[in-house]
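The primary structure of each chain is shown beneath.
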Amino acid sequence: MNMKRNGLLFIISAPSGAGKTSLFKKVIEKLGDIKASVSHTTRSPRPDERNGVDYHFIRQEEFQEKIKRGEFIEWAEVHGNLYGTSVENLKIIQDRGLDLILDIDIQGAEKIRKAYKDAICIFILPPSIEILEDRLKGRGSDSEKEIQKRLNRAKEEILHYKDYDYVIINADIDKAADELRSIIIAERCRVATAKNILSLVGGM
Ligand code: 5GP
């Protein structure tokens, strides 16, 4: 008897510095059966980032080759660097029935949403622009120019939260993690999601 349901696709967007990475770690550790997609990027790794874990860090030429070969389901230029989600990554949900989190910017989210109508879209907001600026500076890994670039872009990105299904304000990491976990759990319980399971008890 196969009780497996199809994997769900969660798209999460947040301005740089909204605290997304730590939030994911907390939620994924606790939930299980959910993976965060590892994107490819031409950006240089930050000191605490690992190749193949946080991103696949590749050169510009390699990225262009991958675009030509059609290896990305979507890709976008963000803050002057290229970022892309490989087709391979999405196979995880189809082949293994695992849920997948895509951490992508608003351009990528729009593209994926068109191709995967069932994707669940979540926007993470910082509590305020001032706090966002403090967080970006506190990270200590980006130059002042880079921080300003990210801040300006964040102000534009924030206006798009209305296109998403859920919004989480990340003022307190534990509360935000509870909210994200609750959204994932609730989506897993939807009747539409559970239809494979329900068909097993069709006679009841
Ligand atoms: P960061 O350089 O701070 O890690 O990420 C910058 C932005 O790129 C974030 O908004 C992040 O969501 C976005 N991003 C990361 N991976 C991808 C991807 O594969 N595709 C798209 N479109 N955006 C991505």
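Criteria and cut-off values
Residues numbered from 1 in each chain as written. Predicted model: local features only at pLDDT ≥ 70, side-chain atom pairs only at ≥ 80, totals over all residues. Heavy atoms only, no water. Helix = DSSP H or I, 4+ residues; strand = E, 2+ residues; numbered from the N terminus. Buried < 20%, exposed > 50% of the residue type's maximum accessible area, 1.4 Å probe, protein only. Near = heavy atom within 4 Å. Polar contact = N/O pair within 3.5 Å; in protein donor to acceptor, adjacent residues only side chain to side chain. Areas by Shrake-Rupley, 256 points an atom, 1.4 Å probe, with all protein chains shown as cover. 1 Å grid on protein atoms, 1.4 Å probe; cavity = no way out; pocket = protein on both sides within 12 Å on 5 of 7 lines; lining within 4 Å. Sits in = over half its atoms within 2 Å of the grid points.

Enquirer: So what exactly am I meant to see when it comes to unusual backbone geometry here?
Expert: Glycine aside, residues mostly have negative phi, and peptide bonds are mostly found in the trans state. Phi at D33 takes a positive value of approximately 55°, unusual for a residue other than glycine. Here D33 is to be found in the loop between α1 (20-31) and β2 (34-36). We classify D33 as exposed; its relative accessible area is 58%.

Enquirer: Any chance you could explain the site of the ligand here in plain terms?
Expert: Around the ligand sit 19 residues in total, of which S39, R43, Y55, E74 and Y83 are the nearest. Separating an oxygen atom of the ligand from a side-chain N or O atom of Y55 is a distance of 2.5 Å. In this structure, D103 approaches the ligand through a side-chain N or O atom, which is 2.7 Å from an oxygen atom. Contact with the protein chains covers 95% of the free accessible surface of the ligand, which is 510 Å². In a pocket analysis with a 2 Å cut-off to the grid points, the ligand is assigned to the largest pocket. Contributing elements (two or more residues each) for the shell around the ligand: β5 (72-78) and β6 (81-86).

Keep in mind these numbers describe shape, not what the thing actually does.
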